[in-house]
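# Analysis of the macromolecular model
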Amino acid sequence: MRIAFIGLGNMGGGMAANQAKAGHEVLAFDLSAAALERAAEAGCKPSASVAEAVRDVDAVITMLPAGPHVRQVYGEDVLPNARAGTLLIDCSTIDVESARAVAAQAKEKGFAFADAPVSGGVAAAAAGTLAFMVGCDENDFTGVETALTPMARAVIRAGDHGAGQAAKICNNMVLGASMIAVCEAFALAERLGLAPERFFEIASKSSGQCWSLTSYCPWPGPVEAAPSNRGYEGGFAVAMMLKDLKLAQEAAARAGAATPLGAQAEGLYALFDRLGYGNKDFSAILQLIRGQLAE
Ligand code: NAD
């Protein structure tokens, strides 16, 4: 396949490299010259612009910061320059409305479009083990799955256009709220004189068990691979969690859904971000809840 890959940042860089590793011809573009250079070292062919990259390819894959970037790149550069029949896949995490608006514009011009945001961070992007949640027409899914496979451990169709983004923000709203609940439980256990390690052992075999506790424990010690054991460095940044919680709240307001815990989670992560912890892993919010922020 010939693939145009637009957006070669922390996530897109590893993803484009995996497409090249799978033997595809990857025409890459990013506004950052450094990102473009890294992609070239990983076997991609640098292009001078989005327009040049997308002109003669089988599929376009984008991995951009947010909705306005996606609207602009598709509206101004991809749709006017791609040839008929090109498959368009946006893997960025964006608002449902933008995903649906770009899909409608693409459809009007005869293109198949999919929103396909991912679960998994920079390490999974580099390893080719991302989980993709796809919103697209049913008939287009096989092609989308084939194009995403070199970067994936799972590709799941969530439904029609926008459903991939809906799945992503709903999942991350669970994650943000459950992490805070786990942190509050550790803080209370500590105050009550219950050893955190004993609490972990008991709750992980009881009804408090959840991913935030047993796979990503915010209390250092019990889960070896968790960022809590590495000073909360790496992992999934507070700023990224905040972005996804904001998207969930905006979607909830538009759809008239009541999500009070999601709103609380957004407020707490916004505060933590404002205190200067935006680059820390999101499980570091334990220290805010314990009242133990580093000087
Ligand atoms: P990033 O900022 O590292 O990368 C985005 C890249 O897009 C940058 O290199 C930037 O130069 C490029 N870009 C911006 N506008 C462009 C344009 N008009 N043309 C070409 N390139 C352009 O961000 P990231 O961490 O790679 O995240 C990308 C997306 O993936 C975001 O939507 C994010 O929410 C989502 N995501 C990130 C993670 C994570 O852990 N980093 C996990 C899951 C999902």
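Since we're looking at a predicted model, the values are computed, not measured.

### Remarks on the overall build of the protein
Counting secondary structure elements, the protein contains 13 helices and nine strands. Taking 2.2 N^0.38 as the reference for a compact globule, 295 residues should give roughly 19 Å; the C-alpha atoms of the protein span a radius of gyration of 20 Å, in line with that estimate. Considered along the principal axes of its C-alpha atoms, the protein spans approximately 65 × 45 × 35 Å. Within the protein, the fraction of its 295 residues that count as buried is 47%. Restricting to contacts in the protein with at least 6 residues of sequence separation, those with at least 24 account for 62%.

### Digging into the nonpolar core
Residues Phe-5, Ala-16, Ala-28, Val-60, Ile-89 and Ile-285 are the most contacted members of the largest nonpolar core, which totals 100 residues. With 13 residues, helix 8 (residues 163-191) is the single largest residue contributor to this core. Structurally, this core is a two-domain feature, drawing no fewer than three residues from each of domain 1 (2-161) and domain 2 (167-290). Excluding anything up to four places from it in sequence, Phe-5 contacts Gly-12, Ala-16, Gln-19, Val-26, Ala-28, Cys-44 and Ile-61.

### Some details on the site of the ligand
The full set close to the ligand counts 26 residues, and Gly-9, Asn-10, Met-11, Thr-93 and Gly-121 are the nearest of them. Those elements that place two or more of their residues in the shell around the ligand are helix 4 (67-81) and helix 11 (238-255). Here the shell around the ligand is composed, by residue class, of 15 nonpolar, nine polar and two charged. Shared between two domains, the shell around the ligand takes at least three residues from each, and those domains are domain 1 (2-161) and domain 2 (167-290).

### Looking at the domain arrangement of the protein
On domain assignment, one finds that the protein holds domain 1 (2-161) and domain 2 (167-290). Taken together, the contacts link eight residues of domain 1 with nine residues of domain 2. Classifying every residue of the side of domain 1 that touches domain 2 by side-chain character gives four nonpolar, three polar and one charged.

What counts and what doesn't
- Sequence order sets the numbering: in each chain, residues are counted from 1 along the sequence as written.
- Restriction of local features to residues with pLDDT of at least 70 applies here, the model being predicted, together with a cutoff of 80 or more for giving and counting side-chain atom pairs; totals for whole chains, interfaces and linings are based on all residues.
- Helix and strand definitions here come from DSSP, where helices need a minimum of 4 consecutive H or I residues and strands a minimum of 2 consecutive E residues; each element is numbered from the N-terminal end.
- Put simply, the radius of gyration uses C-alpha atoms, and a globule should come to 2.2 Å times the residue count raised to 0.38.
- To sort residues by burial, count the other C-beta atoms lying within 10 Å of each one's C-beta; a count of 20 or more means buried, 12 or fewer means exposed, and anything in between means partly exposed. C-beta atoms are built from the backbone.
- The contact criterion used is a C-beta to C-beta distance within 7 Å, with each C-beta placed from the backbone.
- The term nonpolar core means buried Ala, Val, Leu, Ile, Met, Phe, Trp, Tyr and Cys residues held together as one set by C-beta atoms within 7 Å.
- Residue ranges labeled as domains rest on an automatic or database domain assignment.
- All residues are tested the same way: a C-beta atom is placed from the backbone, and lying within 6 Å of a molecule or strand makes the residue near it.
- The classification used treats Ala, Val, Leu, Ile, Met, Phe, Trp, Tyr, Cys and Pro as nonpolar, Asp, Glu, Lys and Arg as charged, and all other residues, Gly among them, as polar.

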